[in-house]
Amino acid sequence: QVQLVESGGGLVQPGGSLRLSCAASRSIFGFYVMGWFRQAPGKQRELVASITEIGNTNYADSVKGRFTISRDNARNTVYLQMNSLTPEDTAVYYCNAKHTLTGLDIWGQGTQVTVSS
């Protein structure tokens, strides 16, 4: 079973930046769409950004122009660069791998991002 491990969360002031990383336990990038989701207290989990095997990206409207998803296939790692953070970005961020044929979802354990002064 593939495992995903997120890192890079923390406390940042409004307007600041963070970069999240998601490391996969083995090479999966030929078969999975990778994504970042987030869940704020009392809210449903929502898609933040995704990237396909060939690098096509998709973003939630709320993060367009501020967040960038990327992948390093050689390192089996996906990144989420987050700039111009606001308190509304506060949430637990989860890495996701979705198998392109079976639809199987794999989730990381989540990393907390808190934007506060």
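Refer to the preceding data block for the structure.
Criteria and cut-off values
Residues numbered from 1 in each chain as written. Predicted model: local features only at pLDDT ≥ 70, side-chain atom pairs only at ≥ 80, totals over all residues. Heavy atoms only, no water. Helix = DSSP H or I, 4+ residues; strand = E, 2+ residues; numbered from the N terminus. Rg over C-alpha atoms; globule rule 2.2 N^0.38 Å. Salt bridge = Lys/Arg side-chain N within 4 Å of Asp/Glu carboxyl O. Pairing = 2+ DSSP bridges. Axes fitted to C-alpha atoms, helices over the stretch in contact; angles between N-to-C directions. Phe/Tyr/Trp six-rings, centres within 6.5 Å; stacked < 30°, edge-to-face > 60°. Lys NZ or Arg CZ within 6 Å of the ring centre and 35° of its normal.

Peer 1: Is there a simple way to explain the overall build of the chain in this structure?
Peer 2: When you go through the chain residue by residue, the secondary structure sums to 0 helices and 11 strands. Taken from N to C terminus, the helices and strands of the chain fall in the order β-β-β-β-β-β-β-β-β-β-β. For the chain, the C-alpha radius of gyration of 13 Å lies close to 13 Å, the compact-globule estimate for 117 residues. Dimensions along the principal axes, computed over C-alpha positions, put the chain at roughly 40 × 25 × 25 Å.

Peer 1: So what exactly am I meant to see when it comes to the pattern of salt bridges here?
Peer 2: Two side chains with opposite charge may pair up if their charged atoms get near one another. Tallied over the entire structure, the rule returns 6 salt bridges. Here Arg75 makes a salt bridge to Asp72, at a shortest N to O gap of 2.9 Å. Through salt bridges with shared partners, a single ionic network connects Arg38, Glu46, Arg66 and Asp89.

Peer 1: In this structure, what is going on with the sheet that holds strand S3 (residues 18-24)? I would like to understand it.
Peer 2: What links the strands of a sheet is backbone hydrogen bonding, and the strands pair in either a parallel or an antiparallel sense. Spatially, the 4 strands line up as an open sheet ordered S1-S3-S8-S7, and their pairing is antiparallel. The open sheet has two free edges, formed respectively by strand S1 (4-7) and strand S7 (67-72), since each of these has just one partner strand. With direction set aside, neighbouring strand axes in the sheet form an average angle of 15°. Relative to strand S8 (residues 77-82), S7 runs antiparallel, the two being bridged by 6 bridges.

Peer 1: How should I be thinking about the packing of aromatic side chains in this particular structure?
Peer 2: This model, assessed by the stated rule, comprises 2 aromatic pairs. One aromatic cluster is present, built from ring pairs that chain together Phe37, Tyr94 and Trp107. It is Arg45 that lies over the ring of Tyr94; its NZ or CZ is 3.8 Å from the centre. In this arrangement the basic side chain of Arg45 is found over the ring face of Trp107, its NZ or CZ atom lying 4.6 Å from the centre.

Read these as spatial facts, not as claims about activity.
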